[in-house]
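Per-entry structural report
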Amino acid sequence: MSDVPGTPADLLRSLTRAERLLSRRLGAVLADDAISIEAWRVLCLLADGQGHPMSEVSVEASLPPGTLTKLVDQLVDRNLVFRRVDPIDRRRIRAYLTVRGRREHARLDERVRASIAELGVQQAADLIGHLDDLVGRLDPTRQREHADAVGPHR
């Protein structure tokens, strides 16, 4: 690593370390309910009530399709998630939270938010905005969405 602060290596190291430490912290919060970080990501995505295709859940949860299927099977067994054939494209399966899943997500969300609040991160929304901007610039599939969202170049 370079001794010059602000290098790409510093950025990568800091982002990786922050993600690992935050995952460890939130994993401890979720462990009491036997919910993994990966399961939490799935519950959060499905919490919007829209139902999402499994392929989208796989991408957003950063899980390979096979791993996601096993995880969703476990969430189905716990009556937190259910699957339905997409009414528009019958080849696709959409995942949704059950009523119990919505209650569990809301309860866990309070605990996760409280844990994050203990960190004293005052500018969390700004940080999320900056990270989302970075992801939009780095992810070729999201570059078009990012360009549409920020408008014409200044």
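Since we're looking at a predicted model, the values are computed, not measured.

**Brief notes about the packing of aromatic side chains**
What the rule picks out here adds up to one aromatic pair. On the numbers, 5.2 Å between centres and 15° between planes, the contact of Phe82 with Tyr96 is stacked. Of this pair, Phe82 sits in strand β2 (residues 81-85) while Tyr96 sits in strand β3 (residues 93-97); the two residues are 14 residues apart in sequence, bridging distant segments of the chain.

**What to know about helix α5 (residues 99-117)**
For α5, built from 19 residues, the straight-helix expectation of 27 Å at 1.5 Å per residue is met to within 8% by its first-to-last C-alpha distance of 27 Å. Every buried residue of α5 is accounted for by Gly101, Glu104, His105, Leu108, Asp109, Val112 and Ser115. End-on, the buried residues of α5 take up no more than an arc of 140°, which puts them together on one face. Exposed and facing more than 90 degrees away from the buried side of α5 are Arg103, Glu110, Arg113 and Ala117. Buried residues along α5 sit against α1 (8-31), α2 (37-46) and β3.

Calculation rules
Residues numbered from 1 in each chain as written. Predicted model: local features only at pLDDT ≥ 70, side-chain atom pairs only at ≥ 80, totals over all residues. Heavy atoms only, no water. Phe/Tyr/Trp six-rings, centres within 6.5 Å; stacked < 30°, edge-to-face > 60°. Helix = DSSP H or I, 4+ residues; strand = E, 2+ residues; numbered from the N terminus. Expected span 1.5 Å × (residues − 1). Buried < 20%, exposed > 50% of the residue type's maximum accessible area, 1.4 Å probe, protein only. Arc of directions from axis to C-beta. Contact = heavy atoms within 4.5 Å.

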